[in-house]
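Fold and contact review
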Amino acid sequence: MNLIRRSFVLLLVVCLGCVAQSASPEMTQKIERQVRSYYKIPAEIHLLVGAPSPSTEFPNYESVIVTVDNGGKKQDLTFLVSKDRSTMMRVTKFDLSKDPFAETMSKIDTSGRPTRGAKASKVVVVNFDDFQCPYCSRMHQTLFPEILKEYGDRVTFIYKDFPLVEIHPWAMHAAVDANCLAAQNGDAYWDFADYIHANQHEVSNEKTPAARFEALDKLTMQQGQKHNLDVAKLQSCIKAQDENAVKASMKQAETVGVEATPTLFVSGAKMDGAQSVADMRAALDHALKDANLPVPEHPAAAPPPASK
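Here the structure is a predicted model, which is why all the values come from computation and not from measurement. (Residues numbered from 1 in each chain as written. Predicted model: local features only at pLDDT ≥ 70, side-chain atom pairs only at ≥ 80, totals over all residues. Heavy atoms only, no water.)

Things to note about the pattern of salt bridges
Rule in force here: Criterion for a salt bridge: a side-chain nitrogen of Lys or Arg within 4 Å of a carboxyl oxygen of Asp or Glu. Secondary structure counts use DSSP, requiring at least four H or I residues in a row for a helix and at least two E residues in a row for a strand, with both numbered from the N terminus. A 1.4 Å probe rolled over the protein chains alone gives each residue an accessible area, and that area as a share of the maximum for its type sets the label: buried under 20%, exposed over 50%, partly exposed in between.
Under the definition given, this model contains ten salt bridges. The salt bridge partner of arginine 116 is aspartate 194, with a shortest N-O separation of 2.6 Å. Taken together, the positions of arginine 116 in strand β6 (residues 115-117) and aspartate 194 in helix α6 (residues 186-198) put the pair 78 residues apart, joining distant regions of the chain. Among the residues examined, arginine 116 registers a relative accessible area of 14% and is labelled buried.

This is the structure in structure tokens:
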């Protein structure tokens, strides 16, 4: 029995050794040079070429993981290297049983968020917004009223918070104030969003941070009074400045690849940056057709001026 055990342990060690054999220095260098060249990875970013291991799906190839380490941010890239060490390739495997756009939308929690447009459309636009971001203001003006006029009866529009606090010092405060309004009335939230995005300079021109916060709170209270909200409840919410919901939205944004604002998801399809009316129409029309919903008629483009 002891002899059998020893033989089994020896066999296991030998097998593990076969699997975990490291690539030769020459092959490691070849792999690294190919990866750096193809992905344009600069010299200051560290690459670690892992040990080859048998590929279960491609018998004539071995699997090699290359770790890209950019100052602690690591990403693993898996490659296939032929056993004769003459070729290397990267294969992307897609699971056709899953809808990637639907999976993205499932990771974005829109419960309780104010909506504009259709109440429960199959086509949903989620915009991760920053109230101090000038590009967000441009995007906001494109969506409301331009796009809303054409798609408001068939598309649902929702905003989520992603204040870039490192460069926009009053964006977090504005997001918290907006959510205080949203907790009582969706229209009050949207009126606040409309006003701030059209008048960011009113807040930014205040001379001190405290004055900017005070200006935001004043604008929030004005919306509360306009929409007949519970003033005491609104004041309490503004004073508390609870950032938990905003931070949760920011964390959620990062899980779906949001890095800057504005970032939109049209039924799961990601769109980075301020979009033109034409690009938004194209994305929305595609999403509507995908959902078997009618596409609106678009106004005819103005003819070019006649040449003299």
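Topic: helix α11 (residues 277-290)
Along an α-helix, residues three or four apart share an orientation, since each turn contains 3.6 residues. For clarity, the cut-off: To estimate how far a helix should reach, multiply one less than its number of residues by 1.5 Å.
Taking 1.5 Å of rise per residue, the 14 residues of α11 would be expected to cover 20 Å, and the 20 Å separating its terminal C-alpha atoms lies within 8% of that figure. Here α11 has its buried residues at Met280, Arg281, Ala283, Leu284, Asp285, Ala287 and Leu288. Positive backbone phi, approximately 60°, marks asparagine 292, located one or two places after α11.

Regarding the pairing of strand β3 (residues 61-70)
Successive side chains on a regular strand alternate, one facing one side of the sheet and the next facing the other. Here is the rule: Two strands qualify as a pair provided DSSP detects at least 2 bridges between them.
Among the ten residues that make up β3, seven are buried, leaving the element largely enclosed by the rest of the structure. Both strand β1 (residues 46-49) and β3 contribute to a ladder of four bridges, which runs antiparallel. Bridging across to β3, valine 49 finds its partner in valine 66. Taken together, the two bridges between strand β2 (residues 53-54) and β3 define a ladder with antiparallel strand orientation.

Structural notes on the packing of helix α5 (residues 171-182) against helix α9 (residues 231-240)
What counts here: Fitted lines through C-alpha atoms serve as axes, helices being fitted only where they are in contact, and the angles separating the N-to-C directions of these axes extend from 0 to 180 degrees. Angle categories are assigned with fixed cut-offs, so that under 35 degrees is roughly parallel, over 145 is roughly antiparallel, 65 to 115 is roughly perpendicular, and the rest are oblique. Note: crossing handedness is left-handed where the near helix turns anticlockwise from the far helix by less than a right angle, and right-handed where it turns clockwise. In what follows, a contact means two residues having at least one pair of non-hydrogen atoms within 4.5 Å.
Packing of α5 against α9 brings their axes to within 9 Å, and their N-to-C directions diverge by 155°. Taken as axis vectors, α5 and α9 run roughly antiparallel relative to one another. Relative to α9, α5 is oriented so that their crossing is right-handed. Two secondary-structure elements touch here, α5 through Asp177, Cys180 and Leu181 and α9 through Leu234, Cys237 and Ile238.

A word on unusual backbone geometry
A cis geometry characterises the amide bond from phenylalanine 144 onward to proline 145, with omega recorded as 15°. Residue position: proline 145 is located in helix α4 (residues 134-151). With an omega dihedral of -5°, the bond running from threonine 261 to proline 262 counts as a cis peptide bond. By the element assignment, proline 262 lies in the loop between α10 (244-255) and β9 (263-266). Unlike most non-glycine residues, asparagine 228 shows phi in positive territory, near 55°.

What about the packing of aromatic side chains?
The condition is simple: Each Phe, Tyr or Trp ring (for Trp, its six-membered ring) is paired with any other whose centre lies within 6.5 Å, and the angle between the two planes then decides the class: stacked below 30 degrees, edge-to-face above 60, tilted in between. Two thresholds decide whether a charge sits over a ring: the Lys NZ or Arg CZ must be within 6 Å of the ring centre and within 35 degrees of the ring normal.
Under the criterion given, the structure shown has nine aromatic pairs. Ring plane angle 85° and centroid distance 6.1 Å describe the contact between phenylalanine 128 and phenylalanine 265, whose orientation is recorded as edge-to-face. Remark: phenylalanine 265 occurs in strand β9 and phenylalanine 128 occurs in strand β7 (residues 124-129); sequence separation between them is 137 residues. Taken individually, phenylalanine 128 and phenylalanine 265 each receive the classification buried, so the pair is uniform in this respect. Taking the centre distance of 5.4 Å and the plane angle of 65° together, the rings of phenylalanine 144 and tryptophan 190 count as edge-to-face. On the criterion of sequence distance, the pair formed by phenylalanine 144 in helix α4 and tryptophan 190 in helix α6 is long-range, its members being 46 residues apart. Each of the two residues, phenylalanine 144 as well as tryptophan 190, counts as buried. Ring-pair connections join several aromatic residues into one group, and the members of that group are Phe144, Phe157, Tyr159, Tyr189 and Trp190. The ring of phenylalanine 79 carries arginine 90 above its face, with NZ or CZ at 5.9 Å from the centroid. Above the plane of the ring of phenylalanine 144 lies arginine 116, whose end atom (NZ or CZ) is 4.7 Å from the centre.

Here's the deal with the state of the cysteines
Which entries qualify depends on this criterion: Note on terminology: pairs of cysteine sulfur atoms within 2.5 Å are recorded as disulfides.
With the rule as written, the count across this model stands at one disulfide. Between the sulfur atoms of cysteine 180 and its disulfide partner cysteine 237 the distance amounts to 2.1 Å. Across the S-S bond of cysteine 180 and cysteine 237 the torsion is about -85°, and the bridge reads as left-handed. Separated by 57 residues along the polypeptide, cysteine 180 in helix α5 and cysteine 237 in helix α9 bring together distant segments of the chain. The exposure class assigned to cysteine 180 is buried, which follows from its relative accessible area of 2%. With no disulfide partner, cysteine 133 has as its closest neighbouring cysteine sulfur the one in cysteine 136, 3.1 Å distant.

Considering the environment of valine 256
Considering the arrangement of structural elements, one finds valine 256 in the loop between α10 and β9. Looking at valine 256, the relative accessible area reads 12%, which means it is buried. Linking valine 256 and lysine 270, residues 14 residues apart in sequence, is a C-alpha distance of 9.0 Å. Not counting residues up to four positions away in its chain, the partners in contact with valine 256 are Thr104, Lys107, Ile108, Phe128 and Phe265.

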